[in-house]
Amino acid sequence: MSELTVADPLRGRMLRSARFALHLITVLLAVVTAFRAAAVGVPLLPALLLPGIFLGWYGAGAAFASGRFARWWLFGLGVIWFVMLAVSAEFVWLSFPLLLLAGHLLRAWASIAFAVPVLAAAILAPILHQSSITFAHIAGPLLGGGFALAISLGYDALLRDAVERDRLIASLVRARDEMAALQEELAQTQREAGATHERTRLARDLHDTIAQELSSMAILARSEDVERMPQIESLAQHSLTDLRRIVAALAPAELEGSALAAAIERMLDALRSDTGIDVSLEIDPALSALPTPVEVVFLRVAQSALANVRQHSDANAVRVGLAMAEGSARLTVADDGVGFSEPAAAPGGSSYGLSAMRSRLHEFAGELQVRSATGEGTVLIASVPVSAVPVSSVPGEAQA
């Protein structure tokens, strides 16, 4: 008879128990009033037939009525009850299950509108059958019927609240499951982004170290000069050391136990020894110790820039400078080689080495400036705002 369902098994059992009690009360009242009607002189056929029709309609509705049809079923049950009252005032007791049903199936205002004629009929029935009217005939239906209607309305309100609470709980459970799925998707996205970042880091490191040193080894090997073999062996050993450092995700080997200036000076000495290029290193006296992340970035930029000088510049001299200007650490690599056209130096140009340098510097809010023209040499200026660099943060180097 009800559209409401509850998810809690305990409340479900309570609801079934309440329905069973209502069915039992209705059947007992119909049987008792039928025998009382027959006892006061009502012919046996209508005294038994009318309660039977009432119970048959009641049973059909209790089993099948739902939604809007349940309300029409209740009105039909009320019509049958009014006919029964016209036969005998003894059937007035069936007003109680009617009022219980009204509070459960109808909205508050509709249940009250239904209760008014039911209570009026319950009070007037004894008068219509020429029975003496007493205070009990008036107070009984009013108090009993009003109490039945109030109980039904209160129980229905509690039931609807329970259904709404179950709906909210189910909604929260769905939201929790969706949140868990979103968190898993976000974690997966973060893992994929981390893997992409790691691949980019490894590509840059391999280009700046292993690839450059292998290129130098190839150039030395093509010279077919036996005296170059120690240099080739040294480069191979250095490449092996760098490769192990990259795999272990440690700081660059060049910085181990020494400052950036000393590491760059060793690279310049190797360049001069291998190529005969005149090299110089200028350190700003006002330059204080740089954070390790800045040293790592500048070391990699210097490695890549000097590798380009070695392979492409055909330079006679190269100058490297380290300075501090306006809160930014600055690394300058200048050569007097053949240079190249500006489009190749622009952001988004074809040089992977320049792109890798810019990518490294961008991670620390730094930038790379390239000044070059054909036949006029090249100047690379890498700058990083020192205040923006966390001391312990070295993407792709100190962290893994």
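- Named according to an unreviewed UniProt entry, the protein chain is Oxygen sensor histidine kinase NreB originating from Microbacterium profundi.
- Here the protein chain is described in UniProt, under the heading Subcellular location (unreviewed entry), as follows: "Cytoplasm".
- Under the heading Cofactor (unreviewed entry), UniProt records this for the protein chain: "[4Fe-4S] cluster".

**Here's the deal with the UniProt feature "transmembrane region" (unreviewed entry) in the protein chain**
And step 1. According to UniProt, the feature "transmembrane region" (unreviewed entry) maps to residues 20-38, 44-65, 72-96, 108-128 and 135-155 in the numbering used here.
And step 2. Between the end C-alpha atoms of residues 72-96 the distance is 18 Å, and the span holds 72% helix and 0% strand.
And step 3. As annotated, residues 108-128 comprises 100% helix and 0% strand, and the C-alpha atoms at either end are separated by 30 Å.

**Side note on the sheet that holds strand β2 (residues 317-325)**
And step 1. With respect to topology, five strands assemble into an open sheet ordered β1-β2-β3-β5-β4, the strand pairing being mixed. Strands with a single pairing partner mark the edges of an open sheet, and in this sheet they are β1 (278-283) and β4 (367-372). For this sheet, the mean inter-axis angle between neighbouring strands, taken without regard to orientation, is 10 degrees.
And step 2. Where β2 meets strand β3 (residues 328-335), eight bridges bridge the pair, whose relative direction is antiparallel. Looking at β3, one finds that Val-320 is bridged to Val-333.
And step 3. Running at roughly 10 degrees to β3, helix α9 (residues 292-313) makes contact with β2, β3 and β5 (378-385) of the sheet.
And step 4. In this fold helix α11 (residues 352-362) packs onto β4 and β5, with an angle of close to 150 degrees to the strand it touches most, β4.

**Structural notes on unusual backbone geometry**
And step 1. Its identity as a non-glycine residue notwithstanding, Glu-326 has a phi of 55 degrees, on the positive side.
And step 2. Relative to the helices and strands, Glu-326 is located in the loop between β2 and β3.
And step 3. A residue is classified by how much of its surface remains accessible, and Glu-326, at 85% relative accessible area, is exposed.
And step 4. Positive phi, normally seen in glycine, also occurs at Ala-365, with a value near 60 degrees.

**With respect to a nonpolar patch on the surface**
And step 1. Residues Phe-20, Leu-24 and Leu-28 make up a contiguous nonpolar surface patch of about 320 Å² in total accessible area.
And step 2. Secondary-structure assignment places Leu-28 in helix α1 (residues 9-39).
And step 3. Judged by relative accessible area, Leu-28 falls into the partly exposed class, the value being 49%.

**Digging into the pairing of β2**
And step 1. As defined by bridge partners, β1 adjoins β2 across six bridges and the pair is classed as parallel. Residue pairing in the sheet places Glu-282 in a bridge with Gly-321 of β2.
And step 2. In the classification by handedness, the crossover that spans β1, the intervening α9 and the parallel β2 is left-handed.
And step 3. Linking two consecutive strands that pair antiparallel, namely β2 and β3, is a turn of two residues; a positive phi of about 55 degrees is found at Glu-326 within it.

**As for the nonpolar core**
And step 1. Membership of the largest hydrophobic core comes to 36 residues, with the highest contact counts inside it found for Ile-264, Phe-298, Val-318 and Leu-331.
And step 2. Elements with a contribution of two residues or more to this core: α8 (260-275), α9, β2, β3, α11, β4 and β5.
And step 3. Those residues in contact with Ile-264 that sit more than four places away from it in its chain are Leu-281, Ala-302, Val-320, Leu-322 and Leu-331.
And step 4. In terms of nonpolar packing, the next biggest core, distinct from the first, is built from 34 residues, Phe-54, Leu-77, Ala-89 and Ala-102 among them.

**Quick notes on the pattern of salt bridges**
And step 1. A complete count under the given rule lists five salt bridges for this structure.
And step 2. Across the salt bridge formed by Asp-269 and Arg-272, the nearest N and O atoms sit 2.7 Å from each other. Within this pair, Asp-269 and its partner Arg-272 are both found in helix α8, separated by three residues, close to a single helical turn.
And step 3. Relative accessible area serves as the criterion here: at 33%, Asp-269 is assigned to the partly exposed category.
And step 4. The closest approach of N and O atoms between Asp-274 and Arg-310, which form a salt bridge, is 2.9 Å. Highlighted residues: Asp-274 in helix α8 and Arg-310 in helix α9, separated in sequence by 36 residues.

The rules behind each value
- Residues numbered from 1 in each chain as written.
- Predicted model: local features only at pLDDT ≥ 70, side-chain atom pairs only at ≥ 80, totals over all residues.
- Heavy atoms only, no water.
- UniProt positions renumbered as here; feature names shortened; annotations may be inferred.
- Helix = DSSP H or I, 4+ residues; strand = E, 2+ residues; numbered from the N terminus.
- Pairing = 2+ DSSP bridges.
- Axes fitted to C-alpha atoms, helices over the stretch in contact; angles between N-to-C directions.
- Contact = heavy atoms within 4.5 Å.
- Buried < 20%, exposed > 50% of the residue type's maximum accessible area, 1.4 Å probe, protein only.
- Patch = residues over 30% accessible without salt bridge, like charges linked within 9 Å, V, L, I, M, F, W, Y side chains within 5 Å.
- Areas by Shrake-Rupley, 256 points an atom, 1.4 Å probe, with all protein chains shown as cover.
- Salt bridge = Lys/Arg side-chain N within 4 Å of Asp/Glu carboxyl O.
- Right-handed = clockwise from strand over helix to strand, strands pointing away.
- Core = buried A, V, L, I, M, F, W, Y, C linked by side-chain atoms within 4.5 Å.

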